[in-house]
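# Residue-level structure breakdown
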Amino acid sequence: MLVVILAAMTYSKSVMAQESFFSFDSRTYFEVDGRLGKYFPFEERHAYMKVLPQYGVDLRIGRQTDGRLKWERDFNFLSYGAFLRFEKNNVDSIRFVDRDDLGYERETWRPLGDCYSLGGFINGHFYRGKHWSLDYDIMGGFSFWTKHGDEFIGSVANVHLAIDVGPTFMIEDNFDITLRYQFSHSSNAALRLPNCGINVFSWVVGLRYHPLTSRSEERRVGKECRS
């Protein structure tokens, strides 16, 4: 994923230098995020998971609105786009209870697999200043698990939802640093049991890159649209 980001940055710089016909839209940006979280199980019997960490990496491609359209101004210059997420679950064994052919309860322990998620996001602003903003993100899509059939994940395909809040700092005309506190959830909406789902609270740190945009130009366009 980092290689993709670096390749995009190198390509965009080359495009700007040569003024090629092929170029990114001026409002397109790329973002890579690192995640560190702790599990938050809903049921007390799963409390043993609370001490275990989860690691993750997100890759996003987004479009930053600048107020050219009325709805962009109405929603305070939000951005939107698509994300790809990888989650590394550091759980060697989790409890699974079912019944055999005679109806007797049996207990086994199975590893929790890793998770790949794909979907869309909306990034909005509670506050939008000149050099920083206080933002929120809403993410939704589908997650696919390398292992399933335990008390948490009953199927390979699941719904993935996340919501977070935190600041974004403009460190240079083309770069932002983001910091978020996020809650995420994966489950199959009880379409196939068992389905306790995986819940995680995470700290998320990201680097956002705007290849072809000038932040001062973006704000000038927004100011003209408001007047």
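See above for the structure.
Heads up: these notes are all about the structure in this document. This structure is a prediction, so every number in the text was calculated from the model and none was measured.

## Focus: the packing of aromatic side chains
Going through the model one piece at a time under the given rule, you end up with 10 aromatic pairs. Taken together, a centroid distance of 4.8 Å and an interplanar angle of 50° make the contact between tyrosine 181 and tryptophan 203 tilted. Within this pair, whereas tyrosine 181 is found in strand E9 (residues 175–187), its partner tryptophan 203 is found in strand E10 (residues 198–209), the two being separated by 22 residues in sequence. A relative accessible area of 38% places tyrosine 181 in the partly exposed class.

## Considering the side chain of histidine 185
Checked against the element boundaries, histidine 185 lands in strand E9. In terms of polar contacts, histidine 185 uses its side chain to reach the side chain of asparagine 199, at 2.5 Å. For histidine 185, the contacting residues outside a window of four places in its chain are Val159, His160, Leu161, Gly197, Ile198 and Asn199.

## Considering the pattern of salt bridges
Scanning the model with the defined rule gives 13 salt bridges in all. Its salt-bridge partner being arginine 27, residue aspartate 66 comes within 3.1 Å of it at the nearest N-O pair. Taken as a pair, aspartate 66 in the loop between strand E2 (53–64) and helix H2 (70–74) and arginine 27 in the loop between helix H1 (2–18) and strand E1 (28–39) lie far apart in primary sequence, 39 residues in all. When the shortest N-O distance is used, the salt bridge between aspartate 74 and lysine 70 registers 2.9 Å. You can see aspartate 74 and its partner lysine 70 sitting in helix H2, four residues apart, about one turn around the helix. Summarising the burial analysis for this pair, aspartate 74 and lysine 70 share the class exposed. Through salt bridges with shared partners, a single ionic network connects Asp33, Arg60, Asp135, Asp137, Asp164 and Arg180.

## Concerning the environment of aspartate 176
Locating aspartate 176 in the fold gives a position in strand E9. The class for aspartate 176 is buried, based on a relative accessible area of 4%. Here the side chain of aspartate 176 touches histidine 210 through a polar contact of 2.9 Å, side chain to side chain.

Rules behind the numbers
- Residues numbered from 1 in each chain as written.
- Predicted model: local features only at pLDDT ≥ 70, side-chain atom pairs only at ≥ 80, totals over all residues.
- Heavy atoms only, no water.
- Phe/Tyr/Trp six-rings, centres within 6.5 Å; stacked < 30°, edge-to-face > 60°.
- Helix = DSSP H or I, 4+ residues; strand = E, 2+ residues; numbered from the N terminus.
- Buried < 20%, exposed > 50% of the residue type's maximum accessible area, 1.4 Å probe, protein only.
- Polar contact = N/O pair within 3.5 Å; in protein donor to acceptor, adjacent residues only side chain to side chain.
- Contact = heavy atoms within 4.5 Å.
- Salt bridge = Lys/Arg side-chain N within 4 Å of Asp/Glu carboxyl O.

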